[in-house]
Amino acid sequence: MKNDIKPVLFVVTSNGVKGKSGIPTGFWLSELTHPLAKLEDAGIKVEFASIKGGLPPVDGLDLDDAINARYWNDTNFSEALNNTLCLDDVDASRYSAIFFAGGHGTMWDFPESTAVRKVTREIYEAGGVVSAVCHGPAALVNVTLGDGSYLVAGKKVASFTNGEEEEVEATDIVPFLLATTLAERGAIHHPAPNWNANVVVDGHLVTGQNPASAGGVGEALIKLLKG
């Protein structure tokens, strides 16, 4: 049977430094590879974009993770990652869904990106799925809909928690606390205990709390796309 689901756009950060701290960062590799594996196994095509395009900075390069290692050593994956689309150049109508991978880098460039706001709104208002994991929901803090309301207002969401941020000693490094800011935008934040897998689905919005939730976000995305 032919798969008529349009591709899913996976978006990663282009920011490689944790603000003034100078500590290297980027996107968290397993938060890209784990949902990617789920979608590819389900026969759903994925394309990669980043805020600036080209090769994005990677963090969490754990090659003891079998899924990470499989993709990291795959030339097709490497080529796609080396040549991510610039989000400014993306035609939102080509995609069935958008997915924002996490990693601390996102906290600096996702919220400020006009392309993030535009593409996310267009996909969501066309009935597509918006999804994100860990720090990926930083993309959602400034997205507004056509009526001016925040996309997350009144929606149940998961994201990296304040407690997890404290455990990784980044509370004073990040420009804002993600869970707090989502709540300030009207989101209903549903945390699980630190580092537990936690995926929250509200309509066609899918969010996950941390790296352990990445595969589950992919599974939830597939369920929504396949109806």
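Attention in this report is confined to the structure presented alongside it. (Residues numbered from 1 in each chain as written. Predicted model: local features only at pLDDT ≥ 70, side-chain atom pairs only at ≥ 80, totals over all residues. Heavy atoms only, no water.)

It is worth spelling out the packing of aromatic side chains at this point. By the definition in use, this model includes 6 aromatic pairs. For the pair phenylalanine 10 and phenylalanine 48, a centre-to-centre distance of 6.3 Å together with 55° between the ring planes defines the contact as tilted. Of this pair, phenylalanine 10 sits in strand β1 (residues 8-12) while phenylalanine 48 sits in strand β3 (residues 46-50), placing them 38 residues apart in sequence. Of the two residues, phenylalanine 10 and phenylalanine 48, neither departs from the other in class, the shared state being buried. Both rings, one in phenylalanine 100 and one in phenylalanine 110, keep their centres 5.3 Å apart while their planes meet at 65°; by these two values the pair is edge-to-face. Of this pair, phenylalanine 100 sits in strand β6 (residues 97-100) while phenylalanine 110 sits in the loop between α4 (106-109) and α5 (114-125), placing them 10 residues apart in sequence. Phenylalanine 110 matches phenylalanine 100 in its accessibility class, with the two residues each being buried. In this structure an aromatic cluster arises from ring pairing among Phe10, Phe48, Tyr71, Phe77 and Phe99. (Phe/Tyr/Trp six-rings, centres within 6.5 Å; stacked < 30°, edge-to-face > 60°. Helix = DSSP H or I, 4+ residues; strand = E, 2+ residues; numbered from the N terminus. Buried < 20%, exposed > 50% of the residue type's maximum accessible area, 1.4 Å probe, protein only.)

What follows covers unusual backbone geometry. With a phi close to 55°, glutamate 169 is a non-glycine residue in the positive phi region. Its location among the elements puts glutamate 169 in the loop between α6 (162-167) and α7 (178-184). In this structure glutamate 169 comes out as exposed when scored by relative accessible area, which is 67%. The residue tryptophan 195 is not glycine, and still its phi comes out positive at about 75°.

What follows is about the layout of surface pockets. Space inside the largest pocket adds up to approximately 250 Å³. Lining the largest pocket are 14 residues, and of these Glu40, Phe48, Asn76, Phe77 and Ala80 lie nearest its centre. Listed by contribution, the elements that provide at least two residues to the lining of the largest pocket are α1 (29-41), β3, α2 (66-72) and α3 (75-82). Partitioning the lining of the largest pocket into residue classes produces 7 nonpolar, 3 polar and 4 charged. One number sums up the size of the second largest pocket: a volume of about 150 Å³. (1 Å grid on protein atoms, 1.4 Å probe; cavity = no way out; pocket = protein on both sides within 12 Å on 5 of 7 lines; lining within 4 Å. Points joined across faces, edges and corners; volume = space filled by probe spheres on them. Nonpolar A, V, L, I, M, F, W, Y, C, P; charged D, E, K, R; others polar.)

This part is about the side chain of serine 159. Mapped onto the secondary structure, serine 159 falls in the loop between β8 (156-157) and α6. The buried category is assigned to serine 159, whose relative accessible area is 0%. In terms of polar contacts, serine 159 uses its side chain to reach the side chain of histidine 189, at 3.2 Å. Once residues within four sequence positions are removed from consideration, serine 159 is found in contact with Cys134, Pro137, Glu164, Leu178, Ala179, Leu182, His189, Gly208 and Gln209. (Polar contact = N/O pair within 3.5 Å; in protein donor to acceptor, adjacent residues only side chain to side chain. Contact = heavy atoms within 4.5 Å.)

Taken in spatial order, the 7 strands line up as β5-β3-β1-β6-β7-β11-β10 in an open sheet, and their pairing is mixed. Edge positions in the sheet fall to β5 (85-86) and β10 (199-202), since each has one partner strand and no second. Pairing analysis gives 4 bridges linking β1 to β6, with the strands arranged parallel. Note on β6: the bridge partner recorded for valine 11 is phenylalanine 100. Contacts from α1 reach β1, β3, β6 and β7 (129-133) within the one sheet, and its direction differs from that of β1 by about 170°. In the packing of helix α8 (residues 214-226) onto the sheet, contacts are made with β1, β6, β7, β10 and β11 (205-208), and the angle to β7 comes to roughly 175°. (Pairing = 2+ DSSP bridges. Axes fitted to C-alpha atoms, helices over the stretch in contact; angles between N-to-C directions.)

Another point: the environment of asparagine 194. Within the secondary structure, asparagine 194 is located in the loop between β9 (188-189) and β10. Judged by its relative accessible area of 27%, asparagine 194 is partly exposed. Separated by 87 residues in sequence, asparagine 194 and methionine 107 have C-alpha atoms that sit 19 Å apart. Each residue touching asparagine 194, except ones within four places of it in the same chain, is listed here: Thr161, Gly163, Glu164, Glu167 and Gln209.

In this section: the environment of lysine 52. By the element assignment, lysine 52 lies in the loop between β3 and β4 (58-59). The class for lysine 52 is exposed, based on a relative accessible area of 67%. Note: C-alpha distance between lysine 52 and serine 14 (38 residues apart in sequence) is 5.9 Å. Apart from the residues within four sequence positions on either side, lysine 52 is in contact with Ser14 and Cys86.

What the rule picks out here adds up to 5 salt bridges. For lysine 38, the salt bridge is made with glutamate 219, and the minimal N-O distance between the two is 2.8 Å. Of the two residues, lysine 38 is situated in helix α1 and glutamate 219 in helix α8; the sequence distance between them amounts to 181 residues. Between aspartate 202 and lysine 156 there is a salt bridge, and its shortest N-O distance comes to 3.8 Å. In this pair, aspartate 202 sits in strand β10 while lysine 156 sits in strand β8, placing the two residues 46 residues apart along the sequence. Given a relative accessible area of 17%, aspartate 202 falls into the buried group. Take lysine 156: its relative accessible area is 34%, and that puts it in the partly exposed class. Within the structure, one salt-bridge network assembled from shared partners comprises Lys45, Glu47 and Arg94. (Salt bridge = Lys/Arg side-chain N within 4 Å of Asp/Glu carboxyl O.)

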